[in-house]
Amino acid sequence: MYFCFMRCFSGIKRFIAIIATIAAVYTGCREAEQQPELSLSASKINLPQSGGWVDLIVYSNTSWHLENPHGYDIIPESGMGSASLRLSVGENPNLGVPLRGSFVIKTTTLSQSVEITQAGIPPVLEIRDTVLEYDYRPANHTISITANLPWEARSNKTWCSVLPSSGNGSGSLVVSFGENRDPQARTAIITIGNNSLDLFTEVTLTQTGFVLDPRMQDSLILAEFFLETEGETWTKNKWNLSAPMDTWEGVRLNVAGRVDSLALASGVISRKGPVPACLGKLSALEQLTLNNNNFTGTLPQALGDLVLLRRLSISSNAAITGSIPSWIGNLVALERLSLSGMTGLTGELPAGLFTLTSLTDLNLVGCSGLGGPISPAIGNLTRLTNLQMSNVPFTGTLPATIGQLKDLRSLGLFNTKLELPLPDAFFDLENLASVLFQQNAYFNGPLPAGFGRMKTKAERLSIRLENCNFTGTIPAEWAGIPDVTSQLRVQGNRLSGTIPPIMKQHTCWTPSVWNPAVYICPQQPGYGFDNCD
């Protein structure tokens with residue numbers, strides 16, 4: 001029995017060993033089995049609108065197949081291991097819209113997707129001229145369009161219309177606009193484009209403001225001046241606005257029919273008020289005379305726009321205040337300037353005044369609110385022939401640059417606060433006919449000997465030095481004063497001593513010319529000559 005049991009046990013052990021051996025072999029086979037792999041050379045493919053083909057490499061160690069929901073032309077559709085696929089597509093007929101799709105490569109356990117994008121037909125919308133400029137008159141403009149798409153056109157302004165309002169492909173549209181009656185320019189934007197493609201081009205049209213006929217514009221400006229100055233209250237020369245402009249008193253037209261001169265008579269305007277700024281729009285004006293007409297306030301900046309002005313006279317408007325404006329320097333053509341009697345003007349002479357190199361006549365007589373020194377820049381005014389600045393409290397001395405005014409014929413500087421000495425260069429001027437230095441209380445030194453060496457091309461010369469505070473006697477050099485000197489006045493000074501005998505031998509020392517008994521000998525109380533008979 002025991003022997004039988006042991007034989008049975010030995011058989012069971014052998015069976016178990018066999019089972020173990022089989023299990024070990026099976027497990028070793030499992031460990032040696034290869035894992036599946038799948039990868040692609042690209043996961044995204046971009047294709048041109050015209051179509052074509054592209055190769056895609058599949059890297060795999062197992063069988064695979066294609067899932068192609070969009071029906072792309074792909075070969076092969078399946079395979080075993082690595083392989084090359086070819087994707088072929090035709091032309092994309094869509095305008096501006098890309099075609100998009102995908103396909104998937106799968107194994108039993110793995111998958112890889114590929115996204116495909118094919119460009120659409122490039123949209124074309126070209127307009128050559130996108131900036132249009134027209135004057136105020138009505139007009140049409142044709143816009144040429146180069147396009148491969150449907151388009152619409154619209155204007156953002158009601159005064160500007162476009163026809164047709166839509167089209168397809170290349171063509172043209174007509175932009176129409178009426179007369180711009182407003183003096184201001186206006187602008188419209190014409191938009192041409194395709195909404196679905198969000199593609200637009202803008203054309204900018206600018207139309208200038210309405211421009212009156214220049215003569216009509218001048219007449220409207222003068223009418224505005226008439227109304228602003230309450231023309232119905234004018235004391236004389238009242239304009240009839242219903243009559244032609246060339247019949248209006250004081251208005252002159254040039255050959256082109258433009259207003260080139262406005263010269264109001266003295267005392268025409270009774271209303272008190274500022275000079276109307278509208279006069280600055282008379283762009284052809286060459287002469288403006290507004291003397292003694294109750295104007296007040298400061299001179300308007302707009303007058304500085306009258307660049308053709310050759311003569312400006314606003315004298316005897318005492319209620320005009322402020323300084324001589326800096327815009328005076330803008331009047332580059334100015335030849336004659338008169339501000340005499342403008343007692344409301346204040347300050348020093350502006351620098352711009354001395355840039356007016358065309359100036360021949362300057363009259364500031366009686367501008368008693370002005371003052372300060374006379375700038376050496378006065379020497380820039382080399383065309384001056386007549387310089388009148390009397391009764392103005394200028395200070396300091398006469399600048400030596402006065403000698404640069406070679407054409408000067410008449411100089412008026414009486415009743416100022418100027419002081420001696422007079423510059424030597426002054427006595428070298430050879431065109432002087434009138435020298436007015438009387439009533440200058442700060443002239444309190446000897447009589448300038450330089451008058452004796454003066455020469456002049458004038459037919460007559462007047463030298464007036466009376467009622468100052470000159471001291472000493474008449475210098476012997478004065479015997480050389482030009483024989484054409486019809487006036488020599490030194491009375492009312494503080495002169496004394498002996499008149500040089502040579503002076504009395506001058507051809508003009510006669511009662512009929514210089515009349516010494518009246519215009520030379522009488523001096524301030526306590527002063528006088530010892531040989532004045």
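A brief structural summary.

## A few points about the packing of aromatic side chains
One pass over the full model with this rule turns up 16 aromatic pairs. Judged by centre distance (6.2 Å) and plane angle (40 degrees), the rings of phenylalanine 225 and tryptophan 239 are tilted. Of this pair, phenylalanine 225 sits in helix α2 (residues 214-228) while tryptophan 239 sits in the loop between α2 and β19 (251-253); the two residues are 14 residues apart in sequence, bridging distant segments of the chain. Across the pair, exposure class does not vary: phenylalanine 225 and tryptophan 239 are buried alike. Relative to tryptophan 248, the ring of tryptophan 239 has its centre 5.2 Å away and its plane inclined at 15 degrees; by these criteria the two rings are stacked. One aromatic cluster in this structure is built from Phe426, Phe427, Phe437, Phe443, Phe451, Phe470 and Trp478. The lysine or arginine in question, arginine 181, covers the ring of phenylalanine 210, its NZ or CZ lying 4.2 Å from the ring centre. The cationic tip of arginine 489 hangs over the ring face of tyrosine 519; the distance from NZ or CZ to the ring centre is 3.9 Å.

## Comments concerning α2
Over its 15 residues, α2 extends 21 Å from the first C-alpha to the last, a length consistent with the 21 Å expected when each residue adds 1.5 Å. What α2 keeps buried is the set Asp218, Ser219, Ile221, Leu222, Ala223, Phe225 and Phe226. Downstream of α2 by one or two residues, glutamate 230 has phi in the positive range, about 55 degrees.

## Focus on the sheet that holds strand β28 (residues 386-388)
If you trace the 11 strands from one edge of the open sheet to the other, you get β19-β20-β22-β24-β25-β26-β28-β30-β31-β32-β34, paired in mixed fashion. Looking at strand neighbours, the two that pair on one side only are β19 and β34 (485-489), the edges of this open sheet. Neighbour-to-neighbour, the strand axes of this sheet turn through a mean angle of 10 degrees, independent of strand direction. In the sheet, β19 pairs with strand β20 (residues 259-263) via three bridges, with the strands oriented antiparallel. When the bridges of β20 are listed, valine 251 appears paired with leucine 262.

## Considerations on the environment of isoleucine 324
By the secondary structure assignment, isoleucine 324 is in the loop between β24 (311-313) and β25 (336-338). Residue class for isoleucine 324 comes out buried when judged on its relative accessible area of 5%. Remark: the alpha-carbon pair of isoleucine 324 and serine 219, spanning 105 residues in sequence, is separated by 29 Å. If we ignore the near neighbours within four places in the chain, the residues touching isoleucine 324 are Leu339, Leu345, Thr346, Leu349, Pro350, Leu364 and Leu370.

## Here's the deal with the sheet that holds strand β5 (residues 73-75)
In space, the four strands of this open sheet follow the order β1-β3-β7-β5, with antiparallel pairing throughout. Edge positions in the open sheet fall to β1 (38-40) and β5, since each of these has one partner strand only. Here the strands of the sheet are splayed against their neighbours by 25 degrees on average, with no regard to which way each runs. Examined bridge by bridge, β1 and strand β3 (residues 52-60) share three bridges and lie antiparallel to one another. Residue pairing across strands places leucine 40 opposite valine 58, the latter belonging to β3.

## Regarding the state of the cysteines
Overall, the coordinates contain one disulfide when judged by the stated rule. We note that cysteine 508 lacks a disulfide partner, and the nearest cysteine sulfur, in cysteine 521, lies 15 Å from it. Here cysteine 508 falls in the buried class, since its relative accessible area comes to 4%.

## Here's the deal with the pairing of strand β7 (residues 83-89)
Each regular strand displays side chains that alternate between the two surfaces of the sheet. Examined bridge by bridge, β3 and β7 share seven bridges and lie antiparallel to one another. Paired with glycine 52 across the two strands is valine 89, which belongs to β7. Pairing between β5 and β7: three bridges, direction antiparallel. Residue aspartate 73 lies in a different strand from β7, and its bridge partner there is serine 88.

## What to know about the pattern of salt bridges
All chains considered together, the criterion is met by 13 salt bridges. Lysine 106 is the partner of glutamate 67 in a salt bridge, and the nearest nitrogen-oxygen pair spans 3.2 Å. Linking glutamate 67 in strand β4 (residues 63-67) with lysine 106 in strand β8 (residues 99-106), this pair joins segments that are 39 residues apart in sequence. Classification of lysine 106 by relative accessible area gives partly exposed; the value is 27%.

## Looking at the environment of leucine 288
Looking at the element boundaries, leucine 288 is found in strand β22 (residues 287-289). For the pair formed by leucine 288 and isoleucine 314, sequence separation is 26 residues and the distance between their alpha carbons is 8.0 Å. Sequence-distant contacts of leucine 288, that is, excluding residues within four places in its chain, are made with Leu262, Leu279, Leu303, Leu306, Leu309, Arg311, Leu312 and Ser313.

## Description of the nonpolar core
Phe426, Phe437 and Phe451 are the most contacted members of the largest nonpolar core, which totals 91 residues. Elements that contribute at least two residues to this core include exactly α2, β20 and β32 (461-464). Sort the elements by how many residues they give to this core and α2 lands first, with four residues. If sequence neighbours within four positions are ignored, phenylalanine 437 has contacts with Leu398, Leu411, Leu413, Phe414, Leu422, Phe426, Phe443, Phe451, Arg464, Leu465 and Cys468. Counting 20 residues, the second-largest nonpolar core is a separate cluster that includes Leu132, Ala147, Phe177 and Ile190.

## Focus on unusual backbone geometry
Following isoleucine 75, the chain continues to proline 76 via a peptide bond in cis, the omega torsion being -5 degrees. Within the secondary structure layout, proline 76 lies in the loop between β5 and β6 (78-80). A cis amide bond links leucine 163 with the next residue in sequence, proline 164, at an omega value of -5 degrees. In this structure, proline 164 sits in the loop between β14 (160-163) and β15 (166-168). A positive phi angle is found at aspartate 198, which is not glycine, with a value near 55 degrees. The topology assignment puts aspartate 198 in the loop between β17 (186-194) and β18 (199-207). Since its relative accessible area comes to 62%, aspartate 198 is described here as exposed. Its identity is not glycine, yet asparagine 415 carries a phi of approximately 55 degrees, on the positive side. Inspection of the secondary structure puts asparagine 415 in the loop between β30 (410-412) and β31 (434-436). For asparagine 415, a relative accessible area of 36% corresponds to the partly exposed category.

## Some thoughts on the environment of arginine 311
Within the element layout of this structure, arginine 311 appears in strand β24. You can call arginine 311 partly exposed: its relative accessible area is 33%. Remark: the alpha-carbon pair of arginine 311 and serine 338, spanning 27 residues in sequence, is separated by 8.4 Å. With sequence-adjacent residues up to four places away left out, arginine 311 is seen in contact with Glu286, Gln287, Leu288, Leu334 and Arg336.

Definitions and limits used
- Every chain is numbered on its own, with residues counted from 1 as its sequence reads.
- Two thresholds apply to this predicted model, a pLDDT of at least 70 for residue-level local features and 80 or more for giving and counting side-chain atom pairs, whereas whole-chain, interface and lining totals are computed over all residues.
- Computation of side-chain values: all heavy atoms of the structure, hydrogens and water removed.
- Only centres within 6.5 Å qualify two rings of Phe, Tyr or Trp (six-membered ring in Trp) as a pair; their planes then separate them into stacked at under 30 degrees, edge-to-face at over 60, and tilted for everything else.
- Here a strand is any run of E in DSSP of at least two residues, a helix any run of H or I of at least four, and the numbering for each starts at the N terminus.
- Partly exposed residues are those whose accessible area sits between 20% and 50% of the maximum for their type, while under 20% is buried and over 50% is exposed, using a 1.4 Å probe and protein chains only.
- Over a ring means this: the NZ of a Lys or the CZ of an Arg is within 6 Å of the ring centre and within 35 degrees of the ring normal.
- Expected helix span is taken as 1.5 Å per residue step, with the number of steps being one fewer than the number of residues.
- What makes two strands pair is DSSP finding at least two bridges between them.
- Here the axes come from fitting lines to C-alpha atoms, over the contacting stretch only for helices, and the angles between their N-to-C directions go from 0 to 180 degrees.
- By the convention used here, residues are in contact when the closest approach between their heavy atoms is within 4.5 Å.
- The criterion for a disulfide is a pair of cysteine sulfur atoms lying within 2.5 Å.
- Take a side-chain nitrogen of Lys or Arg and a carboxyl oxygen of Asp or Glu: if they are within 4 Å of each other, that pair is a salt bridge.
- What is meant by a nonpolar core is a set of buried Ala, Val, Leu, Ile, Met, Phe, Trp, Tyr and Cys residues, joined one to another through side-chain atoms within 4.5 Å.

Bear in mind that shape data such as this cannot, by itself, settle questions of function.
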